[in-house]
Structures are given as structure tokens and as C-alpha cells.
Amino acid sequence: MEKSVATLDKGTTCTSWNYCGQRLATGSFNGFLSIFDSPDPASSSFTATSNIRIHEGGIVKIVWIPPEYGDAVACICGDGSLSLWEEIAEDGLPLQWKLCKIFHCKGSKVLDAQFGVIRTSLKMVVAYSDGHVKVYELLNPFELKNWQLQAEIQNVIDSVSTFGKASCFSASISWNPQRNESQEPSFVLGFNSDTPQLNSSKVWVFDQAHHRWLPVAELALSLDKSDQVFAVAWAPNVGRAYELIAVATRKGITIWHVRLNPGLDGRLSVEKVALLSGYEGEVWQMEWDMSGMTLATSGTDGMVRLWQSNFNGVWLEQAAFEPAS
Amino acid sequence: MPDVAADSAASASAGELVPFVPDTEIAVVYPLHHGLKPPISRVSISWARGNNLRVSLLRNPPSNSDSDGEIGGKVVEVNLDSGAADVREPAQWRRIAYGSVTPFALLQSRKNSASILSKLQSSPSPFHLDWWEYVMEYSKDIKELLGNPKSNYNPLIEDPKEVLKKGEEPTSLKAAWELMEMFYADKLCQSWLPERLVDWLADYDCLLSGDQPAVHSKLVEFQGTLVTLQVIEDDPKYWEVISSALAVGWLEIVVKLLRLHGSYQLDQISRRETENGLVETVAVLISMMPRMRPELKNGKLGECFKAKPDFMKAWEKWREQITKLDSSAFWVLCDHRQTREGLKNLIQIMLGNTEILCTATSHWIELYISHFLFIRPFTVGFESMYNLAQKCVKMKPMSSPHKLLRLIIGIIGENTEVVLAECSRGFGPWMVTHAIELLTARSDQADFLLHKEHDDIGGISMEELHRLVYAQVLTSHFLTWQIAPVYLTSCMRQGMSLLEVLLYRQPAQHNQLLLKNLEICRLYELDHVSSNIMKIAGVYHWKHGRKGLGVFWLQQARDEFLLNKIAQRLFDSVGKSISGESFKQWEGLIELLGSKSKPAGSLEFLHKYRDFKKLLQQVCDRKTPDAARHAADLLMLLMKNPSTPQRFWLPLLYDSLTLLSWQGRPLLNVSQTNLLLNKLQELSMASLRPGIVATDLPAEALDSVRLALATNLGRAILEEQ
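Quick caveat, the model's predicted, so the values are computed rather than measured. (Residues numbered from 1 in each chain as written. Chains lettered and ligands numbered in written order. Predicted model: local features only at pLDDT ≥ 70, side-chain atom pairs only at ≥ 80, totals over all residues. Heavy atoms only, no water.)

Regarding the overall build of chain B
Looking only at helices and strands, chain B has 34 helices and eight strands in total. The proportion of buried residues among the 721 residues of chain B is 53%. Relative to all contacts within chain B whose residues are 6 or more apart in sequence, the contacts with residues 24 or more apart total 65%. When the accessible surface of chain B is split by element, carbon and sulfur atoms take 54% of a total near 32,500 Å². (Helix = DSSP H or I, 4+ residues; strand = E, 2+ residues; numbered from the N terminus. Buried < 20%, exposed > 50% of the residue type's maximum accessible area, 1.4 Å probe, protein only. Contact = heavy atoms within 4.5 Å. Areas by Shrake-Rupley, 256 points an atom, 1.4 Å probe, with all protein chains shown as cover.)

Here is the structure:
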């Protein structure tokens with residue numbers, strides 16, 4: 001059933017597939033960015049086609065930019081820096097991976113960065129280790145070096161919350177994958193930090209009228225609000241009246257129904273529909289399939305699990321995979 | 001791990017989406033073989049095409065001591081779903097997948113027209129009454145695909161000792177399809193369902209032998225020993241297989257076997273006359289067995305009766321003859337014990353002796369069939385069929401019943417959900433998606449159940465869900481994804497959204513694939529998707545050095561925003577090197593950009609600028625006064641036009657030095673020259689301001705132009721006087 005599609009170099013620390021699963025970007029502990037390609041779209045065998053050193057230290061996460069903006073990746077390195085690299089053929093020069101931009105941030109590390117396409121502009125949410133979140137906007141798709149800071153937020157549901165200097169270990173961001181132009185852009189964000197207010201996952205929506213980001217829902221019951229969040233994943237929506245978001249915490253994976261039409265207080269109605277347990281350690285990653293019906297998760301225990309809902313809305317683990325040599 | 005593909009297939013995606021599966025069921029853990037040296041430090045996942053999950057397995061970063069050249073990790077792809085169980089060959093599966101598209105699409109379009117028609121007519125339409133016929137037509141087309149004609153051959157010379165004829169190699173997929181067809185769609189066979197089941201078992205009994213041998217496998221085994229047997233009737237196996245075959249109604253096999261009896265041999269017939277008479281009588285009685293069915297296939301034995309009273313009469317008469325034979329005095333004269341006992345056994349079977357029927361059969365379905373044939377030939381209605389089945393299951397319990405048997409229980413138990421679940425679990429998403437049409441052919445209740453929207457899972461109906469699951473299976477493979485839209489578009493809301501996601505995820509950089517994608521978009525009127533795909537392709541090509549192709553796709557996408565950005569870039573680079581060779585590189589692009597899109601002001605300038613440059617070239621080559629005058633007019637137009645950026649003024653004038661100092665008569669009049677001088681003055685003032693773009697022109701350019709203009713002014717004044 002399983003077949004090997006690529007063999008990775010020694011010291012590979014992270015992998016990331018592009019939108020169509022035809023290119024693989026990998027990062028290594030010594031700062032190399034490798035790109036794997038297949039000879040044709042029918043093939044599922046990938047080999048490295050370029051390999052460049054982008055940093056002195058290790059790369060911890062790679063995120064592909066949406067395809068409307070070309071072939072580019074954002075690389076988060078172990079020292080917390082974030083850089084953007086693009087494959088481009090500039091006048092008279094051969095095709096090569098080029099550095100477009102380095103995002104500097106004094107004193108804090110980048111923990112996660114994710115892209116969202118909104119109408120004609122590209123937005124990038126970046127979460128930092130000091131608990132700050134920045135939203136950048138790209139104005140010209142042909143110039144990935146020019147980003148404008150659109151907003152700076154903190155992951156709290158009411159702006160009056162006060163807390164000291166936060167120290168965050170990880171963050172997880174997931175954009176609403178809908179490409180529907182009538183919907184306002186939104187994303188969900190959760191932290192794994194020592195500051196309880198920051199942790200719980202919140203849904204942020206862009207308020208076009210006032211040109212600002214608003215927290216409109218908190219995906220945690222009152223007792224779980226301070227739980228550290230390991231991963232969040234917003235499911236593709238193929239015709240449901242509500243959105244589906246998965247949140248992983250120490251207690252397990254919770255599945256939430258979120259209705260995007262806000263109430264009078266501007267908040268969205270949310271409902272926790274399942275708590276899935278099974279992982280011994282942290283949940284490391286969660287990915288919805290293209291229909292938003294199956295959730296695949298991986299954890300620090302090395303297990304890959306698949307979850308689905310039955311017709312009664314009961315979520316169950318359907319299969320699990322355990323690495324075996 | 002081929003088994004996982006079949007078993008986990010259902011569990012991973014479709015099979016468990018039904019309420020009857022116990023919630024406490026523990027998920028199966030499958031090993032994921034990667035061949036790496038442990039330990040694995042990280043496992044990362046990503047969904048690929050359809051139901052393929054890619055898992056990256058990463059080893060710990062190497063330490064200094066670790067220099068054994070071991071690889072750092074692997075990416076493995078796990079396919080979570082195979083389309084149809086039992087179809088192991090990918091090519092065979094694709095044949096089925098592609099072949100079922102047309103019948104499915106045709107039926108859907110008929111369904112749509114039927115629903116429009118029934119809306120138009122308030123009274124029930126005659127169309128509706130004949131619906132099952134359309135479904136049968138569909139079913140026939142699908143059935144043809146499921147056959148396996150590979151082993152279909154007819155020998156020229158019939159082997160007298162060949163009791164079992166080899167025909168089409170049966171598949172459980174086809175067996176399941178036929179079950180669904182006979183119970184749900186085929187209206188004509190409803191009056192003779194038990195006999196229809198007898199035929200079904202005759203075709204598919206061979207699939208049932210697993211832990212326990214079925215009648216078919218017993219026959220196969222016996223046939224193997226047939227050539228070596230000297231005195232066939234002495235062998236208890238001979239009588240055993242005859243009774244088994246009779247119990248399940250394979251009359252022609254029984255008769256053929258009986259006629260292999262030793263008493264038929266010419267040298268023995270005189271000695272064993274009575275014995276032979278008895279064998280032949282039984283054989284004749286068997287071949288005369290009344291059957292309640294409209295017809296029998298060629299070579300099949302029995303007498304058909306369509307009407308129940310006629311059948312009853314014949315049945316009673318037949319039973320009387322058997323009873324009479326049973327109590328005949330000839331048995332005493334039969335010396336051969338095995339023959340006597342064997343034949344008596346057959347008579348008991350025909351008289352419906354439950355105990356003997358139970359011994360003669362292996363699986364409950366065989367016993368069930370024997371009940372229809374010899375005990376309860378009038379069984380009608382699902383309830384009585386179900387009760388009888390339960391009785392047979394009790395008499396022949398099985399630890400792990402075959403999936404076909406589970407399906408039968410579901411069908412006669414009238415539990416649509418179980419039927420769907422069994423179809424899905426046992427036969428895969430292809431089966432359930434296509435068999436739903438059979439299920440709803442005549443049943444309003446099933447129709448309601450399948451079309452009911454389930455709020456718990458987002459307002460999707462079971463029918464739609466199964467179609468989506470199947471479409472996802474199709475998208476898992478590069479060679480089948482193109483047919484997924486047929487199924488997706490048959491579910492209006494969810495299907496169309498999923499189709500959009502699917503199209504968006506196709507690689508846009510491969511031209512052929514891109515064209516295929518666009519074709520699908522055009523077919524289903526997904527204009528916004530196609531423009532997005534073209535935009536992706538446009539940006540890709542532009543950024544990968546194929547600028548012309550990039551512009552072409554962006555134009556096709558009618559993406560004014562990006563085209564304007566490109567125009568702006570062109571404009572900027574042209575502005576920097578107006579006199580240089582690089583202009584030629586851009587000329588084609590300007591041409592391309594201008595052909596269809598509504599150009600922005602800057603682009604309009606570039607067009608005029610290009611025309612001007614061409615004209616200027618002609619002037620330099622031919623030195624004709626007309627061309628020079630024309631060029632001078634164009635220069636004035638450009639200089640007067642507000643969309644001409646200031647930074648182009650000097651390059652334009654510098655390029656036009658030939659015109660400004662034209663031999664013969666001046667090309668510009670006084671007012672025109674004054675205007676240009678004013679512009680030049682403006683430019684000199686502006687050049688003092690910071691932020692002005694420096695051009696690649698020589699330092700003395702401004703002075704040369706000024707001088708030329710001044711000379712021209714002088715000449716123009718003289719001329720005008």
C-alpha cells in the first residue's frame with residue numbers, strides 16, 4: 001500500500017509539499033534548502049533538483065507561498081529568523097532560488113508563518129515567541145521583497161487583558177482555506193506559551209469597514225482556556241453551513257463547529273463537537289483532506305492517525321499507521 | 001500491504017460512515033514500512049492527490065559519530081482507498097471506472113429530465129412508472145464491464161466427463177451487482193425471485209468456498225478424480241456430490257453424473273437392467289422438475305411454469321410420481337447397495353427432507369436455496385425470505401460469513417443502511433456509488449433515506465457522500481482524476497465546491513494538464529476557477545523566464561491587476577534604457593500586452609513610443625521627408641500627451657535629434673519648438689530636485705537637444721517670415 005516517493009538527505013529536519021503535491025521543499029539542520037521535483041506530473045518519484053544553503057543554522061519549518069504568487073517558500077530557521085526565497089529567472093539569468101526578503105525581529109523568534117490569499121492581495125500572518133502576531137501584506141505579486149505591515153495583534157479575545165512578557169514555545173496558524181471572495185479573510189491561531197490568555201485558539205476575522213483584525217471566537221471551553229495549543233487546522237468547506245476547525249492540546253484533539261455569521265456582539269457561535277484522544281505525547285501536525293471529511297494527524301509518538309465523523313456526527317479514529325522499518 | 005488497500009480502504013474513508021458500526025471499535029493500526037534505521041525523530045504528513053497521504057519520516061540529525069552515510073529520511077505515499085475490492089489489476093480497475101462513466105451520466109441526465117417532467121405534470125407521469133427500465137438498461141451496461149471475459153471459451157468437442165463447464169470467471173463484484181439488480185431494480189423477476197437466486201448461486205457458488213468447501217468446490221474436486229475412477233457408483237463421493245448438486249438445483253449436472261453410472265455401460269446393461277431403470281427414472285424425474293419461472297436457459301433442465309396454479313398442479317403431480325417411485329417394488333431387486341441408497345437419498349432430497357438437505361449442503365445459502373427448490377417453492381416477500389434465511393443461518397452457522405452472504409442478509413432484512421455499509425465495506429466506493437441507483441430504482445423508502453440531508457455532517461445526503469468519496473478515490477490517480485467531475489457535478493452543492501478544490505490543486509505549469517483543466521472548467525461553467533488557474537500559470541511562466549507565455553495566460557485570465565503590474569514593470573525598464581538594445585526584448589511583450597487587454601495609460605504610451613521608434617528607424621534608413629514629417633508629428637503627440645512620463649521627455653528628444661536638425665526645411669514650427677523648449681526648461685528645473693530617475697543618456701544630452709531646438713527655432717522663424 002505504501003510506496004517510497006522520495007529519499008531525503010542526512011540531516012533533513014522539515015518537509016513541505018507545494019499546492020499540487022508536485023514539488024517538495026526540505027530544510028536541513030545545517031541550513032540547506034532542497035527542492036525535489038518529479039520528471040512529469042504522472043510520476044510519483046521525486047529527486048532533488050536544487051540545493052542551496054540559506055542559513056548558518058538549521059531550518060525548522062518551510063511554508064510554500066500560494067501558487068498565484070509563483071514558486072516561493074518562507075523558511076523559519078532555528079534562530080527564529082524568517083526568510084522568503086523565490087525560484088525566478090531574471091533578465092538574462094538562469095532559473096535560480098533567490099532571497100527576496102528577511103524579516104527581522106529584535107529579541108523574539110518567529111514561531112509560525114502562514115499565507116492567505118485575499119482577493120488580489122497576499123497576506124502573511126507571523127507569530128513570534130514574545131506572543132506578538134504580525135499581519136503583512138504583499139502589494140505587488142511580482143515583487144516578493146516588498147511587504148507592508150498591516151496589523152500587529154495579540155492572541156487575546158478582549159483587548160483589555162493585560163499580562164507580562166510572554167514566552168511562547170510554539171504557535172500554530174491556519175487560514176480559512178475558502179477562496180470565496182464574498183467572505184472576509186479569517187484565520188485561527190493558538191499558542192503554546194507560559195501566558196494562559198494567549199494560548200487558547202482564537203478565530204480572527206478582518207473587518208473590512210474598519211480595516212482591522214478582530215478576534216471573533218475562542219475555541220476553548222472555560223476550563224480549557226489556558227491549555228497550551230500544539231496545532232490548529234481549518235478544514236476546507238465543501239458546502240457545509242458551518243466551518244470545521246481542529247485544535248490539538250494536551251487533553252487531545254477537539255473538533256469545533258464554527259458558524260461564520262456573527263451574533264449581535266460580533267462573536268461567532270462555536271460548538272465543540274468532539275474530543276479525540278489517542279496520542280501519548282504532543283500532536284505535532286494536523287491536516288484535513290481536500291473534502292474536509294478526514295483529518296490526518298501526526299504526533300511526537302510517531303503515530304499517524306485518521307479521524308472521521310459518522311452520519312450521527314460522532315468522530316472516530318478510523319485507522320492508524322505506525323512506522324516500521 | 002495489498003490487504004490494507006482493500007480493508008482499510010473502507011475503514012479509512014467510506015466504510016465506517018454508517019451508523020451501525022459500533023462506536024467502540026478500535027481503529028486498526030497498520031505498519032508503515034520505511035526501511036530506515038531507527039529511531040525516527042519526526043513524522044510529518046501531507047495529503048497528496050485524492051486519498052493519498054504522504055508521510056515524511058525523518059531521522060535524528062547526524063551526530064559526529066554518525067558518519068555511516070545513512071540516508072536522512074524517506075517520504076512514503078499511502079493510498080487509503082482502492083476503488084473497488086477484488087479488482088487488483090490497475091488496468092482492469094480503470095476499465096471499470098471509465099466504462100461506468102457513460103451509463104452513470106446517461107442515467108443522471110434521464111433522472112434530471114424525468115424530474116423536470118414530473119414537475120411540469122401534476123399527475124404522476126408515465127415516465128416515472130417506467131423508471132426501473134432505464135435503471136435496468138444502466139445495470140446491463142455496468143454488468144458488461146464487470147465480466148471477466150478472459151477465460152470464456154467453448155470447446156469444440158464436449159468432454160463427456162466434464163461436469164462443470166468453464167465460463168466467465170466470476171467476480172464477487174459482479175455477484176454483488178447481480179444481487180442488487182435482482183432485488184431492487186428488476187421488476188420482472190420479482191415473481192420468481194427464489195428461482196433467480198438459484199441461478200445466482202449456480203453462477204457464484206464458487207466464490208463462497210473459503211474455510212468451508214462449497215458445493216462447487218466439491219464438484220471441482222470430484223471432477224479431478226473422475227478419470228481415475230473405475231467403478232464410479234462404488235465411490236461414496238459420487239453419490240455425495242450428486243446429492244449436493246441436486247440440493248442446490250444444478251439439475252443438468254446431476255443428470256449428467258447419473259448417466260455416468262456403470263449400469264449404462266453396454267456390457268452391463270443386461271445384467272443391471274433394474275438398477276439402470278431406477279437410475280434413469282430418477283434422472284428423468286429430476287429433469288422434469290417443475291420450476292416456477294418464465295424460462296430456462298439453453299441446456300438447463302426442468303419444466304417452466306409462469307402461473308402459480310399451473311405450477312402447483314405440476315408440482316403435486318411430480319411429487320406424487322416421486323412418492324410412487326419411493327415405494328416401488330423395484331428397489332428390492334436392486335442389488336447394488338450404494339446405488340440403492342444414493343438414489344433413495346436423491347428421492348429424499350426431492351421430497352424435501354430437511355435433514356438430508358442439511359447434510360448435502362455446506363453454506364447456509366445453499367441450504368436456503370434447497371429450501372426454495374424442494375420445501376417452500378412459494379416463498380414470496382422479504383419477510384418470509386428473511387425468516388427462512390435466519391432459520392438456515394441457525395442450522396449452518398459460520399464464524400466469518402462471506403461478504404456476499406452478509407449483503408444478502410442485509411437485502412432480505414430490508415435494511416438499506418446495512419446494504420450500503422456492506423456494499424461499501426465489502427466492495428468499495430465504486431460499488432456503493434453505482435449501486436445506489438439500483439437501490440432507489442423502485443423504493444421510495446430507500447430514496448428518502450439516501451437523499452435525506454444529514455445536519456450532523458453538514459447537510460450532506462448519503463448518496464452525495466458516497467459520490468464524493470468515490471470521486472476522491474478517482475482523484476487519487478493521475479489517470480482517473482479526469483472522470484471525477486462527472487460524479488462531483490452530480491452533487492450540486494458539495495460536489496461543485498470539491499471540484500473547485502480539485503481543479504485548483506492540479507499543477508498549472510504543465511500545458512497539457514492546464515488545457516485539460518480549462519476544458520473541465522468550461523464544461524461546468526467554472527469561469528472564476530479557470531481564470532484563477534490561468535493566473536497561476538501566467539505568474540509561473542512569467543517568473544520562470546517565459547514572459548510571453550506568462551502574459552498570454554494572464555490575458556486569458558483577464559487579470560487587469562497583474563497585467564497592469566507587468567505594464568508598469570515594462571514601462572520602468574523601458575524608461576531606464578530607452579536607446580538601448582534591450583528595448584527589442586520588450587517590443588514583443590508590448591505587442592502582446594496591447595493586443596487584447598485594455599491597457600493602462602502607461603501601456604498606451606509604450607505603444608505610441610514603439611511606433612515612434614519604428615518610424616524614427618525608417619527616417620534614419622531612408623531619409624524621406626514624408627516619413628520625417630510623420631515622425632515629427634508623432635513626437636509632438638507624445639510630448640503633448642499627459643500620459644507620457646516626464647522621465648521620457650529627454651530620451652525622446654535626444655532620440656529625435658535627427659528630426660530636430662533635419663536637413664532641408666525645419667520639421668517643427670515656431671509654436672511646436674517653443675513647446676518643446678518649455679518642456680526642456682521644465683526638465684532642467686526638475687532635474688535639480690532629488691528623486692528624479694537618472695537615464696542612461698550621455699551627460700551632454702540636454703545640451704545637444706537644447707542646441708538642436710534653438711537652431712530649429714531660428715530656422716522656423718525664418719521660414720515663417
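Points about the overall build of chain A
Broken down by element type, chain A carries one helix and 25 strands. The C-alpha extent of chain A, read off along each of the three principal axes, is 60 × 45 × 40 Å. Looking at chain A as a whole, 63% of its 325 residues qualify as buried. Taking as baseline every contact in chain A between residues at least 6 positions apart, the subset at least 24 positions apart corresponds to 44%. Surface exposure of chain A reaches about 12,200 Å², of which carbon and sulfur atoms provide 49%. Side-chain charges of chain A comprise 25 positive and 35 negative groups, with the mean position of each set lying 4 Å from the other. (Lys, Arg positive; Asp, Glu negative; His and termini not counted. Charge placed at Lys NZ, Arg CZ, Asp CG, Glu CD.)

Regarding the domain arrangement of chain A
It is common to give the size of an interface as the accessible area lost on bringing the parts into contact. All names here are of chain A. By the assigned domains, chain A splits into domain 1 (9-41 + 48-104) and domain 2 (111-324). Each of domain 1 and domain 2 has a C-alpha centre, and these two points are 24 Å apart. With both sides pooled, the region where domain 1 packs onto domain 2 buries about 1,500 Å², and carbon together with sulfur makes up 70% of that total. Put simply, domain 1 and domain 2 have one salt bridge between them. A salt bridge links Asp 112 to Lys 61, with the nearest nitrogen and oxygen atoms 3.0 Å apart. Put simply, domain 1 and domain 2 have two residue pairs in polar contact (both at pLDDT 80 or more) between them. Only β6 (59-64), β7 (72-77), β8 (82-88) and β9 (96-103) provide two or more residues apiece to the side of domain 1 that touches domain 2. (Domains from an automatic or database assignment. Buried area = accessible area lost by both parts, 1.4 Å probe. Salt bridge = Lys/Arg side-chain N within 4 Å of Asp/Glu carboxyl O. Polar contact = N/O pair within 3.5 Å; in protein donor to acceptor, adjacent residues only side chain to side chain.)

Brief notes about the environment of Asn79(B)
Residues and elements named next belong to chain B. Note that Asn 79 resides in strand β4 (residues 73-79). Residue Asn 79 is classed as partly exposed on the basis of its relative accessible area of 22%. For the pair Asn 79 and Ala 48, spaced 31 residues apart in sequence, the C-alpha separation works out to 9.6 Å. Within the local environment of Asn 79, its side chain forms a polar contact with the side chain of Asn 52, the two groups lying 2.7 Å apart.

Some details on the interface of chain B and chain A
Each partner contributes to the interface: chain B provides 98 residues, whereas chain A provides 83 residues. Of the roughly 8,200 Å² buried where chain B meets chain A, counting both sides, 62% is carbon and sulfur surface. Interface area lost by chain B to chain A is led by Ile45(B), Trp47(B) and Lys543(B), which between them contribute 10%. Run the count over chain B and chain A and you get one salt bridge. Applying the counting criterion to the chain B and chain A interface returns 30 residue pairs in polar contact (both at pLDDT 80 or more). Of the residues belonging to the side of chain B that touches chain A, the class tally is 52 nonpolar, 27 polar and 19 charged. As judged from the six bridges shared by strand β1 (residues 2-8) of chain A and β4(B), these two strands associate in the antiparallel manner. Each residue of the ladder has a partner; that of Thr7(A), found in β4(B), is Lys74(B). (Nonpolar A, V, L, I, M, F, W, Y, C, P; charged D, E, K, R; others polar. Pairing = 2+ DSSP bridges.)

Some thoughts on the sheet that holds strand β4 (residues 32-37) of chain A
Residues and elements named next belong to chain A. Within the open sheet, the four strands sit side by side as β2-β3-β4-β5. Their pairing is antiparallel. Each of the sheet's edge strands pairs with one partner strand only, and the pair in question is β2 (12-17) and β5 (47-53). The average undirected angle you get between the axes of adjacent strands in this sheet is 20°. Sheet topology places β4 next to β5; six bridges connect them, and they run antiparallel. Within β5, the residue paired with Ile 35 across the bridge is Ser 50. (Axes fitted to C-alpha atoms, helices over the stretch in contact; angles between N-to-C directions.)

So, the domain arrangement of chain B
All names here are of chain B. Domain parsing of chain B yields domain 1 (94-117 + 130-148 + 169-208 + 402-493) and domain 2 (211-395). Computed over C-alpha atoms only, the centres of domain 1 and domain 2 are separated by 35 Å. Between domain 1 and domain 2, the residue contacts involve 21 residues of the former and 24 residues of the latter. Along the contact surface separating domain 1 from domain 2 lie three salt bridges. We note a salt bridge from Arg 293 to Glu 195, for which the minimum N-O separation is 2.8 Å. At the boundary of domain 1 and domain 2, one finds five residue pairs in polar contact (both at pLDDT 80 or more). Within the residue set of the side of domain 1 that touches domain 2, elements represented by two or more residues are α7 (193-204) and α18 (403-412). Element by element, the count of residues in the side of domain 1 that touches domain 2 is highest for α7, at eight residues. Of the residues belonging to the side of domain 1 that touches domain 2, the class tally is 15 nonpolar, two polar and four charged.

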